[in-house]
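Architecture and fold: a report
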Amino acid sequence: FQPPDFAKRGFDLALQFSAARNASLAETPIAPMDWVVCAAPSLLIREGRPTAPADLARFPCLLHESALPNDRLWRFEGQRGPVTVKVSGTFSSNSALALRKAALAGLGAALLPRYVVADDIASGNLAPLFPRYRVAARPLIAVYPRAPETPLKVKAFIAFLTEWITSREVNLTSSRMPSSAGAI
């Protein structure tokens, strides 16, 4: 669904990785989230392993729908400066979990929040690409209907989630993550 649809459906807030750009909605940043480009080993065997971000222009990729205004432009920071690559693919979704499943099935390379794929990378079911390049962190944002006073339950959930994410170091890889960490 698209904001502000969530309010019409009776939800108090939505979590997303992009600004709402809607005057009827308020936003609160929760935490910066690390992202990683990864692919299934089966895809890398079938298509060949890309050696540099520019190779993604000719590689099947899985695309976020409406994540960012330029969600088909993947940006990397390397030793020689920034690199931007326009990617394409035949599968897109507004769900990181759906994109993860598509990546596991070998449908394409995916740019996903690290916490979504940390266990898959640790187990070898997904392989991170371009270890010498970094993808900029994106903020996880709580979006909720603008009101003269934010409801207490929304404030409480935002405070809880901010503390929960911060205390669990969700941006670490699975093997380095504290054993008490759960998935979000």
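What this report covers is the structure whose coordinates are included nearby. This one's a predicted model, so the numbers in the text were calculated from it and none came from an experiment. (Residues numbered from 1 in each chain as written. Predicted model: local features only at pLDDT ≥ 70, side-chain atom pairs only at ≥ 80, totals over all residues. Heavy atoms only, no water.)

**A word on the nonpolar core**
Condition: The nonpolar core is taken to be a set of buried Ala, Val, Leu, Ile, Met, Phe, Trp, Tyr and Cys residues, with the residues joined through side-chain atoms within 4.5 Å. Think of it in three bands: with a 1.4 Å probe and only protein chains considered, a residue is buried below 20% of the maximum accessible area for its type, exposed above 50%, and partly exposed in between. Comment: elements are numbered from the N terminus, with helices defined as DSSP H or I runs of at least four residues and strands as E runs of at least two. In what follows, residue pairs with any heavy atoms lying within 4.5 Å of each other are defined as contacts.
V37, L56 and I165 are the most contacted members of the largest nonpolar core, which has 34 residues in total. Broken down by secondary-structure element, the contributors of at least two residues to this core are β2 (25–33), β3 (35–39), α2 (41–47), β4 (60–64), β5 (73–78), β8 (109–113), β10 (138–145) and α5 (152–168). A per-element tally of this core places α5 first, with five residues. Residues in contact with V37, not counting those within four places in the same chain, are L56, W74, F76, A109, A110, L111, A127, P128, L129, F130 and V135. If you look at the next biggest cluster of nonpolar residues, it comprises 14 residues, including C38, A40, A96 and L126.

**Points about the pairing of β4**
What counts, and what does not: Two strands qualify as a pair provided DSSP detects at least 2 bridges between them.
Most of β4 sits out of view: four of its five residues are buried. The pairing of β4 with strand β7 (residues 88–93) spans four bridges and is parallel. Across the sheet, residue P60 finds its bridge partner in β7, namely S88. Relative to β8, β4 is paired through two bridges, and the arrangement is parallel. Bridged to C61 within β8 is A109.

**Some words on the packing of aromatic side chains**
Quick reminder of the rule: Two aromatic rings, drawn from Phe, Tyr or Trp (for Trp, its six-membered ring), form a pair once their centres lie within 6.5 Å of each other, and the interplanar angle then sorts them: stacked below 30 degrees, edge-to-face above 60, tilted otherwise.
Going through the model one piece at a time under the given rule, you end up with three aromatic pairs. Here F17 and W35 contribute two aromatic rings whose centre-to-centre distance is 4.9 Å and whose plane-to-plane angle is 80°, an arrangement assigned as edge-to-face. Of this pair, F17 sits in the loop between β1 (14–16) and β2 while W35 is found in strand β3, placing the two residues 18 residues apart along the sequence. Residue classification places F17 among the buried positions, given a relative accessible area of 17%. Here F76 and F130 contribute two aromatic rings whose centre-to-centre distance is 5.8 Å and whose plane-to-plane angle is 85°, an arrangement assigned as edge-to-face. Placement of the pair is F76 in strand β5 and F130 in the loop between β9 (127–128) and β10, with a sequence separation of 54 residues. Exposure remark for F76: the relative accessible area of 4% places this residue in the buried category.

**Comments concerning the pattern of salt bridges**
Where we set the bar: The term salt bridge refers to a side-chain nitrogen of Lys or Arg lying within 4 Å of a carboxyl oxygen of Asp or Glu.
This model, assessed by the stated rule, comprises six salt bridges. Linking D55 and R58 is a salt bridge whose minimum nitrogen-to-oxygen distance equals 3.4 Å. On the basis of relative accessible area, D55 is assigned to the partly exposed category, the value being 21%. For R58, a relative accessible area of 67% corresponds to the exposed category. Between R72 and E65 there is a salt bridge whose closest N-O contact spans 3.9 Å. E65 gets classed as partly exposed once you look at its relative accessible area, which sits at 33%.

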